[in-house]
Amino acid sequence: MVHADVPDDPTAYKRQEYWEERYAKEESFDWFKTYEDLKPLLSQHITSKDARILMLGCGNSTLSEDMYDDGYHNIVNIDFSKTVIENMAEKCKDRVGMEWIEMDIKDLKFEAGSFDIAIDKGTMDALMCDRGDVWNPDEELVKTVAQEVDEVVRVLKIGGKFLYITFGQPHFRKRHLERPCWTVETSTLGVAFHYFFYHMIKQDTPHS
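What you see is a predicted model, and the numbers here were worked out from it, not measured in a lab.

### Points about the packing of aromatic side chains
- Enumeration according to the criterion identifies 4 aromatic pairs in this entry.
- Aromatic side chains Phe162 and Trp182 sit 6.0 Å apart centroid to centroid with 35° between the ring planes, which places their arrangement in the tilted category. Here Trp182 lies in the loop between α7 (170–177) and β6 (185–189) and Phe162 lies in strand β5 (residues 156–166), a separation of 20 residues in the sequence.
- Its relative accessible area of 0% is what places Phe162 among the buried residues.
- Overall, the relative accessible area of 1% leaves Trp182 in the buried class.

Encoded structure:
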């Protein structure tokens, strides 16, 4: 697994040009955890292998490939990088039915209520890379993250689930995830260093 050096400026992770350049020379890289690590939690929350799954900011992670090979064949992968979408579509051309679409996670071109599951593994974290105060993020960052979450709410079916994997602790992340239609629940992974698995179920009426 070859990957680019960590950029000197962390805000580079928010810029499309950075990713186009990186994906042009990088074959594969998995942020945080692999499917093998995540499988127990994913299988707990994705109870049907026929579920229509949206992978938000798929990058060149092996997660979708590994899930497909484990029986989840209805996966739609999106990323704003044309380079990575073309590369991954070619790499996975034998995985029939899996889709790769160039798209902005903040402006999804799907109909409302069209997915059972939405997965974000580190994508929101890239949006939140900033030099500002993590306890008091600036308005633009809050707005940007809200656009992603609001779009997820829109495209999920009632009963659909949003699964978010991150190193971001609940006191930094829950405020961005909270919506009237769901309760934000959290599980942890890892021993020495914890990762967090946020899971939310879209309800027809606001939760109490």
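### A short note on the pattern of salt bridges
- Summed over all chains, the structure comprises 12 salt bridges.
- A salt bridge links Glu151 to Arg154; the nearest nitrogen and oxygen atoms lie 2.9 Å apart. Note that Glu151 and Arg154 are positioned in helix α6 (residues 139–155) at a spacing of 3 residues, about one turn of the helix.
- Looking at Arg154, the relative accessible area reads 29%, which means it is partly exposed.

### Some details on the nonpolar core
- One finds Leu54, Leu56, Ile78, Phe110, Phe162, Leu177 and Trp182 to be the most contacted residues of the largest nonpolar core, which totals 29 residues.
- Only β1 (53–56), β2 (75–79), β4 (115–121), α5 (123–127), α6, β5 and β7 (195–201) provide two or more residues apiece to this core.
- Each residue touching Leu56, except ones within four places of it in the same chain, is listed here: Ile78, Ile105, Leu108, Ala118, Ile119, Asp120, Thr123, Glu148, Val152 and Phe162.
- Residues Leu41, Tyr68, Val84 and Cys92 belong to the second largest nonpolar core, which totals 27 residues.

### Overview of helix α4 (residues 82–91)
- Inspection of α4 places Val84, Ile85 and Met88 among the buried residues, and these make up the whole buried set. Relative to the axis of α4, the buried residues are bounded by an arc of 100° and lie together on one face.

### Overview of the pairing of β1
- Residues of β1 alternate between two faces, with Ile53 and Met55 on one and Leu54 and Leu56 on the opposite face, all of them buried.
- Traced from β1 through helix α3 (residues 63–69) to β2, the parallel crossover comes out right-handed.
- Bridge count between β1 and β4: 4 bridges; the pairing is parallel. From the neighbouring strand, Leu56 faces β4, where its bridge partner is Asp120.

Basis of the calculations
- Residues numbered from 1 in each chain as written.
- Predicted model: local features only at pLDDT ≥ 70, side-chain atom pairs only at ≥ 80, totals over all residues.
- Heavy atoms only, no water.
- Phe/Tyr/Trp six-rings, centres within 6.5 Å; stacked < 30°, edge-to-face > 60°.
- Helix = DSSP H or I, 4+ residues; strand = E, 2+ residues; numbered from the N terminus.
- Buried < 20%, exposed > 50% of the residue type's maximum accessible area, 1.4 Å probe, protein only.
- Salt bridge = Lys/Arg side-chain N within 4 Å of Asp/Glu carboxyl O.
- Core = buried A, V, L, I, M, F, W, Y, C linked by side-chain atoms within 4.5 Å.
- Contact = heavy atoms within 4.5 Å.
- Arc of directions from axis to C-beta.
- Right-handed = clockwise from strand over helix to strand, strands pointing away.
- Pairing = 2+ DSSP bridges.

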